[in-house]
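Working through the structure, step by step
If you want the building blocks of each chain, they are given just below.
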Amino acid sequence: YHSPKNLAIGLNVEASELLEIFLWLSDEESKNLTEKKIQHVREEIGDVFIYLINLADKLGLDPVECAKQKLERNKIKYPASIVRGSAKKYSEY
């Protein structure tokens, strides 16, 4: 009964809750989370995944197939021989 719009908004809210866990942590701290924070990350990833699956289902999309297609497009936009070790956007090459 949820609309795609509301599911997309919910997905964004849950992704923001995941992001909030890492707010103000250094790179090193983000790699060494406490078990309590890992549990919180686990729960938020679950929430994000649930919203994503529901959105894909509502639109008749297979999320795994979407990811495969995106990876194939990224191979063209970001050839490993050019971008390996760089964080530049494809338009910056």
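Quick look at the structure, then. Quick caveat: nothing in here was measured; it's all calculated off a predicted structure.

**Comments concerning a positive patch on the surface**
- Residues Lys70, Arg73, Lys77 and Lys89 make up a contiguous surface patch of positive charge.
- For Lys70, the position within the fold is in helix α4 (residues 63-77).
- For Lys70, a relative accessible area of 37% puts it in the partly exposed group.

**Some thoughts on the environment of Tyr90**
- Along the chain, Tyr90 turns up in the segment after α5 (80-83).
- In this structure, the C-alpha to C-alpha distance between Tyr90 and Lys77, residues 13 residues apart in sequence, is 5.9 Å.

**Section: the side chain of Glu14**
- Inspection of the secondary structure puts Glu14 in helix α1 (residues 4-22).
- Arg42 provides the closest opposite charge to the buried, unpaired Glu14, separated from it by 15 Å.
- The contacts of Glu14, once residues within four sequence positions are left out, are Glu44, Asp47, Val48 and Tyr51.

**Quick word on the pattern of salt bridges**
- Tallying each qualifying case throughout the model produces one salt bridge.
- Lys75 is the salt-bridge partner of Glu72, the closest N and O atoms lying 3.3 Å from each other. Of this pair, Glu72 and Lys75 both sit in helix α4, three residues apart, roughly one helical turn.
- Since its relative accessible area comes to 45%, Glu72 is described here as partly exposed.

About the criteria used
- Residues numbered from 1 in each chain as written.
- Predicted model: local features only at pLDDT ≥ 70, side-chain atom pairs only at ≥ 80, totals over all residues.
- Heavy atoms only, no water.
- Patch = residues over 30% accessible without salt bridge, like charges linked within 9 Å, V, L, I, M, F, W, Y side chains within 5 Å.
- Areas by Shrake-Rupley, 256 points an atom, 1.4 Å probe, with all protein chains shown as cover.
- Salt bridge = Lys/Arg side-chain N within 4 Å of Asp/Glu carboxyl O.
- Lys, Arg positive; Asp, Glu negative; His and termini not counted.
- Charge placed at Lys NZ, Arg CZ, Asp CG, Glu CD.
- Helix = DSSP H or I, 4+ residues; strand = E, 2+ residues; numbered from the N terminus.
- Buried < 20%, exposed > 50% of the residue type's maximum accessible area, 1.4 Å probe, protein only.
- Contact = heavy atoms within 4.5 Å.

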